[in-house]
Amino acid sequence: MSTPEPAKRGGLRGFFQRLASSQADLEAAELQEDLDRQGATPIAACGERRRFCVAGTLRTVTLRPRGGAPALEAELYDGSDVIDLVWLGRRKIVGIEPGRAVRAEGLVSLQDGRKVMFNPRYELRPAGGP
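Each value, and the rule that gives it
- The numbers attached to residues start from 1 for each chain and follow its sequence in the written order.
- It should be noted that, the model being predicted, local features are given only for residues of pLDDT at least 70 and side-chain atom pairs only at 80 or more, the latter also being counted only at that level, while totals for whole chains, interfaces and linings use all residues.
- Note that water and hydrogens are dropped before the side-chain values are worked out from all heavy atoms of the structure.
- Working definition: a ring pair exists when centres of Phe, Tyr or Trp rings (six-membered ring for Trp) sit within 6.5 Å. Plane angles under 30 degrees give stacked, over 60 give edge-to-face, the rest tilted.
- In this text, helices come from DSSP runs of H or I with a minimum length of four residues, and strands from runs of E with a minimum of two, each type numbered from the N-terminal end.
- Over a ring means this: the NZ of a Lys or the CZ of an Arg is within 6 Å of the ring centre and within 35 degrees of the ring normal.
- We call two residues contacting when some pair of their heavy atoms lies within 4.5 Å.
- Pairs of N or O atoms are called polar contacts if they sit within 3.5 Å, as long as, within protein, a hydrogen donor faces a hydrogen acceptor (for residues adjacent in sequence, only side-chain-to-side-chain pairs).
- For this analysis, a salt bridge means a side-chain nitrogen from Lys or Arg found within 4 Å of a carboxyl oxygen belonging to Asp or Glu.
- Classification of residues uses two cut-offs on accessible area relative to the type maximum, computed with a 1.4 Å probe and protein chains only: under 20% is buried, over 50% is exposed, and between them is partly exposed.

- The protein appears in an unreviewed UniProt entry as DNA-binding protein from Planotetraspora thailandica.

**Notes on the packing of aromatic side chains**
Move 1: For the coordinates displayed, the defined rule picks out one aromatic pair.
Move 2: Aromatic pair Trp87 and Tyr122: ring centres 5.5 Å apart, planes at 80°, arrangement edge-to-face. Residue Trp87 is located in strand 3 (residues 82–88), and its partner Tyr122 is located in strand 6 (residues 121–125); the two are separated by 35 residues in the primary sequence.
Move 3: One residue, Arg59, lies across the ring of Tyr77, its end atom 3.8 Å from the ring centre.

**Comments concerning the environment of Gln111**
Move 1: Tracing the backbone shows Gln111 in strand 4 (residues 101–111).
Move 2: As a C-alpha pair, Gln111 and Asp84 span 27 residues in sequence and 9.6 Å in three-dimensional space.
Move 3: Sequence-distant contacts of Gln111, defined by excluding residues within four places in its chain, comprise Arg66, Val116 and Phe118.
Move 4: For Gln111, the side chain forms a polar contact with the side chain of Arg66, separated by 3.0 Å.

**A closer look at the pattern of salt bridges**
Move 1: Applying the stated criterion across every chain yields a total of eight salt bridges.
Move 2: For Glu73, the salt bridge identified is with Arg64, shortest N-O distance 2.8 Å.
Move 3: Overall, Glu73 belongs to the buried group, its relative accessible area being 7%.
Move 4: Owing to a relative accessible area of 43%, Arg64 belongs among the partly exposed residues under this scheme.
Move 5: Connected through shared salt-bridge partners, Arg59, Glu75, Asp84 and Arg114 make up one network.

Pasting the structure below:
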């Protein structure tokens with residue numbers, strides 16, 4: 001006597017959820033492949049109070065004052081984790097925008113449980129390029 005298979009997620013909603021998750025998985029795998037070519041460390045492997053080079057795609061860019069001074073914050077995703085890049089005293093940096101590929105280098109710290117890199121050296125990268 002065989003046991004019945006668990007019910008599979010069906011319908012159009014299930015199809016789109018599977019499609020979206022597989023697209024996210026493909027994007028994450030592609031970003032992680034680029035890390036070796038750029039000489040970058042996966043964000044998930046970055047420890048606190050050490051310098052690292054990271055690379056990925058900017059997800060969000062916001063202006064968030066810190067201590068009364070302007071600060072430009074960008075969330076960088078590399079397929080393994082995210083890190084916040086923060087430029088103190090800056091309101092805008094040409095080229096720092098969502099969807100842009102960036103390579104950044106600096107000291108990693110933790111703030112409110114999130115990895116942060118203040119005033120990193122950065123290099124704007126072409127989308128999908130080395």
